[in-house]
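Per-entry structural report
The chain contents come next:
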Amino acid sequence: MQHSIQTQTLALAGMCQALKLLQQVTRTNDVALTDLQLCLASIANLSPAEPLDIYGKDVANLRAGYQCLVEQLGDNQRKDVELTRYVVSVIALERKLTKNRDNLDNLGKRLSRLEQQLQHFAITDENIIANLADIYVECISSLGTRIQVAGQPELLKQQLVQHKVRALLLAAIRAVVLWRQSGGSRLHFIFKRKALLNEAKSVLHTIAPTHS
């Protein structure tokens with residue numbers, strides 16, 4: 001894949017959107033089915049013709065992710081400390097995954113089987129979400145680093161909420177994989193922060209505003 005700041009920013013927006021959705025799940029469990037579908041479908045799109053294909057071929061689908069990225073990279077005081085912790089954690093987990101050949105191979109096999117299941121079930125079907133959660137536990141959690149998730153205690157006890165959380169963490173890691181493939185590096189948050197911020201702002205300006 002060709003390295004570009006556009007694709008790196010796209011990937012980071014996808015990661016942020018998955019993690020923001022995770023926060024919604026753990027705080028209220030009130031999320032739009034279309035938003036959940038977009039993030040989870042990215043996991044199964046392993047060979048896109050273009051990076052944007054991973055997110056439904058429309059950059060407007062990642063409006064929330066780009067907005068989040070602007071807030072996190074900007075100089076304002078609106079940074080989400082909890083989300084920053086999640087970002088650091090999923091980037092570290094993706095790094096561990098790429099260094100573990102057994103887990104990486106197993107992940108590939110599990111996702112191939114998932115593609116077959118999606119011929120018969122929607123990505124938001126509870127059984128598919130449970131399967132995505134199991135893939136996360138088997139291939140990611142087994143690497144030894146668990147992410148401490150914050151939220152409403154009564155929601156965190158619910159099995160479906162737990163499954164959604166793990167599935168969304170898997171979606172976030174899928175976005176980090178795209179970020180790495182397009183040349184992303186942790187050092188870029190220091191040395192290319194302005195370029196990433198400007199690209200995210202530029203994309204937001206091209207997206208038509210929503211109307212309530």
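Please refer to the structure higher up on the page.
The numbering scheme is per chain: residues are counted from 1 as the chain's sequence reads. In view of the model being predicted, local features appear only for residues whose pLDDT reaches at least 70, and side-chain atom pairs are presented and counted only at 80 or more, with totals across whole chains, interfaces and linings using the full set of residues. Hydrogen atoms and water are omitted, and side-chain values are computed over all heavy atoms in the structure.

Some thoughts on the pattern of salt bridges
Note the cut-off: The salt bridge definition used is simple: a Lys or Arg side-chain nitrogen within 4 Å of an Asp or Glu carboxyl oxygen. Numbering of helices and strands runs from the N terminus, with a helix taken as a DSSP run of H or I at least four residues long and a strand as a DSSP run of E at least two residues long. Think of it in three bands: with a 1.4 Å probe and only protein chains considered, a residue is buried below 20% of the maximum accessible area for its type, exposed above 50%, and partly exposed in between.
Inspection of the entire model under this criterion finds seven salt bridges. A salt bridge links Asp75 to Arg193, with the shortest nitrogen-to-oxygen separation between them at 3.5 Å. Of this pair, Asp75 sits in the loop between helix H3 (63-73) and helix H4 (81-98) while Arg193 sits in helix H10 (residues 193-206), placing them 118 residues apart in sequence. Here Asp75 falls in the exposed class, since its relative accessible area comes to 65%. Overall, the relative accessible area of 28% leaves Arg193 in the partly exposed class.

Digging into the layout of surface pockets
Rules: Only protein atoms enter the calculation, which uses a 1 Å grid: trapped sets of points that fit a 1.4 Å probe without letting it out are cavities, open sets showing protein on both sides within 12 Å along at least five of seven lines are pockets, and any residue with an atom within 4 Å of a point is a lining residue. Grid points are joined across faces, edges and corners, and a volume is the space filled by probe spheres set on the points. Lys, Arg, Asp and Glu make up the charged group, whereas Ala, Val, Leu, Ile, Met, Phe, Trp, Tyr, Cys and Pro make up the nonpolar group; the residues left over, Gly among them, are polar.
Looking at the largest pocket, its volume works out to about 310 Å³. Leu46, Leu107, Leu111, Arg174 and Val177 are, among the 18 residues lining the largest pocket, the residues nearest its centre. Elements supplying a minimum of two residues to the lining of the largest pocket: H4, helix H5 (101-117) and helix H8 (159-181). Per-element tally for the lining of the largest pocket: the top contributor is H8, with six residues. Of the residues contributing to the lining of the largest pocket, the split by class is 13 nonpolar, three polar and two charged.

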